[in-house]
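Structural characterization, general
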Amino acid sequence: MTQSDHFRNMVDRTVNFVNDSFLFSTTMLEFADKILTAYDPDYKSFGVEHVTTCGRHLYYLNQGDTYAYTVLKESGCKLTAGSWGDWVEQVELEYALEHNEIRCGNCGEWTPNDQDDWHDVVCISCHRNVDGS
Ligand SMILES: [Zn+2]
């Protein structure tokens, strides 16, 4: 039995609509928060928080610790599990490798990683060595 193109088109549109409806809101995280609250009486939640780095956005269930194992949702993506601290480190590593830049240890700005030894890199924003020397 083959399904009509009309039906297949309707299925595709339904999938896209439902994905878009959830992926661009924090509804999924709030739902996960309710499940965890009901499941574990020791679960402590401080609600949905948000962090941005390198132009990417992450929503997560805040449990009061940067590296707590929790529920994450990057904008436009499905839920994942992990810590928001690990997510930030991974995103910044990907950014550094993709753009050949390094984050300055003094001012926190990104600067070109143009030396063989990163300790010798001078920040273009604060004009100090990125290693703090
Ligand atoms: Zn700097």
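Residues numbered from 1 in each chain as written. Predicted model: local features only at pLDDT ≥ 70, side-chain atom pairs only at ≥ 80, totals over all residues.

In this structure, Leu29, Leu58, Tyr59, Tyr60, Leu61, Val71, Leu72 and Trp84 together form the largest nonpolar core, which totals eight residues. When residues of this core are traced back to their parent elements, those giving at least two are strand S2 (56-61) and strand S3 (70-74). It is S2 that provides the largest number of residues to this core, a total of four residues. Look past the residues within four positions of Leu58 in its chain and what remains in contact with it is Val51, Leu72, Glu74, Trp84 and Trp87. (Core = buried A, V, L, I, M, F, W, Y, C linked by C-beta atoms within 7 Å. Buried ≥ 20, exposed ≤ 12 C-beta atoms within 10 Å, placed from the backbone. Helix = DSSP H or I, 4+ residues; strand = E, 2+ residues; numbered from the N terminus. Contact = placed C-beta atoms within 7 Å.)

How large an interface is tends to be reported as the accessible area lost when its parts come together. Domain annotation for the chain reports domain 1 (5-94) and domain 2 (100-133). On a C-alpha basis, the centres of domain 1 and domain 2 stand 32 Å from each other. (Domains from an automatic or database assignment.)

All right, on to the sheet that holds strand S4 (residues 79-82) then. Strands sit in the order S1-S2-S3-S4 across an open sheet of four strands; the sheet is antiparallel. Strand pairing shows two members of the sheet lacking a second neighbour, strand S1 (48-53) and S4, which therefore form its edges. Neighbour-to-neighbour, the strand axes of this sheet turn through a mean angle of 30 degrees, independent of strand direction. Bridge count for S2 against S3 is three bridges, and the pairing is antiparallel. By the bridge assignment for S3, Leu58 is matched with Glu74. (Pairing = 2+ DSSP bridges. Axes fitted to C-alpha atoms, helices over the stretch in contact; angles between N-to-C directions.)

You can see His50 is positioned in strand S1. Placed 24 residues apart in sequence, His50 and Glu74 show a C-alpha to C-alpha distance of 9.5 Å. In this structure His50 touches His57 and Tyr59, once residues within four positions along its chain are discounted.

For Cys54, which is not a glycine, the phi torsion comes out positive at approximately 55 degrees. Inspection of the secondary structure puts Cys54 in the loop between S1 and S2. Of the residues examined, Cys54 has 16 C-beta atoms within 10 Å and is grouped as partly exposed. With phi around 50 degrees, Asn100 is a residue other than glycine that occupies positive phi space. Mapped onto the elements, Asn100 comes out in the loop between helix H3 (84-99) and strand S5 (101-103).

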